[in-house]
Amino acid sequence: MTDPVLALNDPPGDRIARTTCYMCACRCGIQVHLKDGKVRYIEGNPEHPVNRGVICAKGSAGIKQHYSPARLKKPMKRVGERGENRFEEIEWDEALQLATEKLAAARALDPNRLAFFTGRDQSQALTGWWAQQYGTYNYAAHGGFCSVNMAAGGLYTLGGSFWEFGEPDWEHTDYLMLWGVAEDHDSNPIKLGLGRLKSRGAKVVAINPVRTGYGAIADEWIGIRPGTDGLLAMALIHELIRNGRIDLDYLVRYCNAHHLVIEAPGTAEHGLFARDGEGRILCWNRDSHAETPADATGISPAVTGIHLLADGRVTKPVFEHVLARYGSDDYSPEMASESCGVPASTIRRLAAELATAAFDHKRSLPIAWTDCNGRRHADMPMRPVAMHAMRGISAHANGFQTCRALHLLQLLLGAVDAPGSFRYQPPFPRPIPPANRPGRSRDAEGRLNAMPLGFIHGPEDLLVDAHGAPLRVDEAYSWKYPLAVHGMMHTVLRNAHSGAHGKIDVLMMFMANMSWNSAMNTHGTLHWLTDKDEHGNYRIPYIIYADAYASEMCAYADLILPDTTYLERFDAVSMLDRPISDADGASDALRHPVLPPDRDVRGFQSVLIDLGARLGLPGLVHADGAPLYRDYADYIVRHERAPGVGLLAGWRGSDGDSHGKGAPNPEQLQRYIEHGGFWHAAVPESGRYFKMANRDYLEWAKTMGFIAHAEPVVLQLYSETLQKFRLAAEGFGAVQPPEAERERVRRYFDPLPFWYAPFEHAQTDSTEFPLHALTQRPPFMYHAWGSQNAWLRQIMARNFLYLHPDTAARYGLADGDWAELRSHLSAITVPVKLTNNVQPDTVWTWNALGKRKRSWGLSADAPESNQGFLLNPLISDLTPDADYANADPITGQAAWFDLRVSLRKVEAQAFSSPQFKPLGATA
């Protein structure tokens, strides 16, 4: 018998289309093999700068995402009650007419009667701009539920942030700390980087209550208690200060360590920077023994002491405040250890290791560069200590100050954008805070003067009425959550139901599974979606929902607009949105239809363009009312956010030879397609580090349209923006908070990072609810839409509650037992498994696996809806004292990692509970 001949190198298709993956936030380049008009195989694009050919389980399973039984097939309008999932199919003309009528009626009364909230859609550059043209404040994106603490903490401190906007220097770091990093974001670049880093023998330390993925390959795992990362960071700062292991030259050269802070308690100047008559911030020059502009050259600034200015004002440098706070015993390793669960000896050792890696092996890159003051430097000194952080530190009520504490730790080590450290990815860094403020006023056409989401510079930018009450339905940019730069999608349903901040006539959502996977307080959420007033009318009158799949949210819509899959539409992965750059170059990308839809569906972005034209929105119609854009592809090419700046930066100009900025190019999309679906522009070699003060980088960034002015970005140890809010709370300034909010603002708007216990921890009885409960996404799934994928379901189709063996022993639990998990809000009953990869005071599970029965095209006996579960029914949308959203008081970030629970063994069950009523079959 002869062996079979295997054609190992035969192509699986007759055509290859190169586009961009949509299976997670990585946005890798992929090569889609097609045969006979069908997708046969997906692999990584080896030329793409994001993944360089690497592909993960999610990306390769995109075939099953495209051919999912859960795909919606036609527009539908509700014919039953909300939640019954009874619809009738309609034509697009009727669907668009219905949507237009509802949206037009709402806008005619008040544009704010539309609440437009989007999930992980990756097209906020369009959706936010569309909301601006409509004129509604009430627009928000997924980040307020997910990562706004990360974004805001970084942007108000460094002008950039962790997450997908910065990266460790994989080639040069010797010591990497991962803080709260799971495997679901930016996964392929991180995997590639860790491979390079580990091959060099660098040390990796993972700080996380749960050890999975990256933590499993780390050299050391620090099993910290949830919500205490900021305290650990401040204890590390304490040790660096105590041992004099600080990069003072870096702090003066690039940060505001030497800026003088006015010491005048009880006055409107207290805590603000001292300025001269021209508004320049002052420092104390030790050579002249007098004040001088802090940005002057050839001076010797003081960073400690008390200094009396010529006009009689008493001041202290910022670094003096840093020393006073973190040098105190309040942040000693012993004090931190009690809350963090990390031994004091370990904290001291980690601080010593960080300092050794940063300072004891002096090296530099032989790259000459010029700083913003024109000084020429022969080389780039290394600080081979890098940090990376993600949702684990963000989704807490103290997450903003925790993020700032991590950045403070980096800055004290001189480890931001130095070789070997954390690096900015273009278009970052940006000015601090970024220039764009949230829209507030409307022009004669009803258009907001700016996009609804932006950055607050002071109390005068808040969206509040004359009495200080929120103007937005979600309460973002109010005195309750002033720096809510992504909005607060987790509060919109409760507030739209109550009408507390204005009536909402239309709730329009895109890819936001807000009835299930993105819901806090599941029982309450379903009530708000279905509750009626005394006249039998829904309190949230009309819900328009757009999605590609039959998620749980579809059952609560009045009108469903079916989206395409990512292989059937155009998308811009834009520098104006969530860029895919790396530290050495700017990148953006295109998705394009690799095959036509086989259903009566349309890309939501094109539908939004169409609706805008039907409504006659400014910027979407010509003067005669004719549509300005044919569809989203036309918008991508021809729309300009500013002269020469569009959604895509490559191949601009009439001849396609301009990059970054240039006139629209009619052939731009074709050029992207020919180039593999992406554009990449290398940062000049001399501009690749110290970007915040590197003349070559800043001038290059200006020519590319990333920044308006080639000016240095001063990194903020101390935030004057936060101090402005504290002064308002103390009764100073033209815009002050209502009396009820004064103490809250005064406490939490501290210009230096500080640690406080998350609200649920502080407001619940630790003897009644002794355990922390967390969710973590599997590395092979992403949000709800990935966990319905047939191939990925074969890896995991149900989850368990994971307990440390010591924890299980305390409660008499063994593998396979069932337990009741109870919070101050509700209870669930779930199966348990024992594992050593969790801190003993914490229990955890995989997220997104639990499904509502009969959703997502799954059969009634699918394990995801019978044994699978979410922690969401346990997570309150309000703090235990019910005074505020369960959220960070500064940014409004949903604090769903603050959950505290009790645990008890129960009899084994066939199904997890609660079991909500199965959704009806889709018409």
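Numbers given for residues are sequential positions, taken from 1 along each chain in its written order. The model is predicted, so local features are restricted to residues of pLDDT at least 70 and side-chain atom pairs to those at 80 or more, both for listing and for counting; the totals for chains, interfaces and linings are taken over all residues. Hydrogens and water are ignored here; the side-chain numbers use all heavy atoms of the structure.

(A) Structural view of the overall build of the chain. Looking only at helices and strands, the chain has 28 helices and 34 strands in total. It is over C-alpha atoms that the radius of gyration is taken, and the globule rule equals 2.2 Å times the number of residues to the power 0.38. Radius of gyration (C-alpha) of the chain: 27 Å, near the 29 Å computed for a compact globule of 923 residues. By principal-axis analysis of the C-alpha atoms, the chain measures approximately 80 × 80 × 70 Å. Buried residues in the chain amount to 65% of all 923 residues. Here the open area of atoms and residues is found with the Shrake-Rupley method and a 1.4 Å probe, where only the protein chains shown may cover a residue. If you sum the accessible surface of the chain, you get close to 30,800 Å²; carbon and sulfur atoms cover 50% of it. Strands are runs of DSSP state E lasting at least 2 residues, helices are runs of H or I lasting at least 4, and numbering of each runs from the N terminus. Each residue's exposure class comes from its accessible area (1.4 Å probe, protein chains only) as a fraction of the maximum for that residue type: buried when under 20%, exposed when over 50%, partly exposed otherwise.

(B) Seen up close, the sheet that holds strand β16 (residues 314–317). Any two strands with at least two DSSP-identified bridges between them are counted as paired. Strand order in the open sheet formed by 3 strands is β12-β16-β15, and the pairing between neighbours is antiparallel. Each of the sheet's edge strands pairs with one partner strand only, and the pair in question is β12 (260–262) and β15 (307–308). Of the pairings in the sheet, the one linking β12 to β16 comprises 3 bridges and is antiparallel in character. Across the sheet, residue I262 finds its bridge partner in β16, namely T315. Here, residues are in contact when the closest pair of their heavy atoms is within 4.5 Å. The axes used here are C-alpha line fits, helices contributing only the stretch in contact, and every angle between their N-to-C directions lies in the interval 0 to 180 degrees. Across the sheet, helix α11 (residues 318–326) lies against β12 and β16, angled at about 70° from β16, the strand it touches most.

(C) Spotlight on the sheet that holds strand β23 (residues 506–510). Read across the open sheet, the 7 strands follow the order β5-β4-β25-β24-β23-β6-β7; overall the sheet is mixed. Pairing within the sheet leaves two strands with one partner each, and these edge strands are β5 (87–89) and β7 (139–140). Relative to the sheet, helix α4 (residues 124–134) contacts β6 (114–118), β7 and β23, its axis offset from that of β6 by approximately 175°.

(D) Expanded view of helix α15 (residues 399–412). Here the expected length of a helix is defined as 1.5 Å per residue gap, with one fewer gap than residues. Taking 1.5 Å of rise per residue, the 14 residues of α15 would be expected to cover 20 Å, and the 20 Å separating its terminal C-alpha atoms lies within 8% of that figure. The buried fraction of α15 amounts to 14 of the 14 residues, a majority that puts the element mostly inside the structure.

(E) Molecular detail of the packing of α4 against helix α18 (residues 604–615). One way to put it is that α4 packs onto α18 with a least axis distance of 11 Å and a crossing angle of 10°. Considered as vectors, α4 and α18 are oriented roughly parallel to each other. Listed contacts from α18 to L126, T127, W130 and Y134 of α4 are Q605, L608, I609, L611, G612 and L615. Three categories are distinguished: nonpolar for Ala, Val, Leu, Ile, Met, Phe, Trp, Tyr, Cys and Pro, charged for Asp, Glu, Lys and Arg, and polar for the others, with Gly belonging to the last. The residue inventory of the contact of α4 with α18, partitioned by class, reads 7 nonpolar, 3 polar and no charged. Note on terminology: angles under 35 degrees are roughly parallel, angles over 145 are roughly antiparallel, angles of 65 to 115 are roughly perpendicular, and the others are oblique.

(F) Looking closely at a nonpolar patch on the surface. Taken together, I306, L308 and V314 make up a surface patch of nonpolar side chains, about 290 Å² in accessible area. Considering the arrangement of structural elements, one finds V314 in strand β16. Judged by its relative accessible area of 35%, V314 falls in the partly exposed class. Here a patch means residues that are over 30% exposed by relative accessible area and free of salt bridges, tied together within 9 Å if like-charged and within 5 Å if nonpolar (Val, Leu, Ile, Met, Phe, Trp, Tyr). The rule for a salt bridge is simple: a side-chain nitrogen of Lys or Arg has to be within 4 Å of a carboxyl oxygen of Asp or Glu.

(G) How the structure looks around the state of the cysteines. We call a pair of cysteine sulfur atoms a disulfide when they lie within 2.5 Å. For the structure shown, the criterion picks out 0 disulfides. No disulfide involves C28; its nearest neighbouring cysteine sulfur is the one of C26, lying 3.9 Å away.

(H) Highlighting the pairing of strand β34 (residues 900–906). Counting buried positions along β34 gives 5 out of 7 residues, so the element sits mostly inside the fold. Bridging between strand β29 (residues 771–776) and β34 involves 2 bridges; their strand directions are antiparallel. Residue pairing for β34: H772 is matched across the bridge by R900. Bridging between strand β31 (residues 818–822) and β34 involves 5 bridges; their strand directions are antiparallel. Across the sheet, residue R822 finds its bridge partner in β34, namely S902.

(I) Just the packing of helix α9 (residues 229–242) against α15, in detail. Direction vectors running N to C along α9 and α15 enclose 25°, while the axes themselves pass 8 Å from each other. Judged by the inter-axis angle, α9 sits roughly parallel to α15. The handedness of the crossing between α9 and α15 is left-handed. On the side of α9, the interface is formed by D229, G230, A233, M234, L236, I237 and L240, while α15 contributes Q401, T402, A405, L406, L408, L409 and L412. Partitioned by chemical class, the residues of the contact of α9 with α15 number 10 nonpolar, 3 polar and 1 charged. For a crossing to be left-handed, the near helix must be turned anticlockwise from the far one by less than a right angle; the clockwise case is right-handed.

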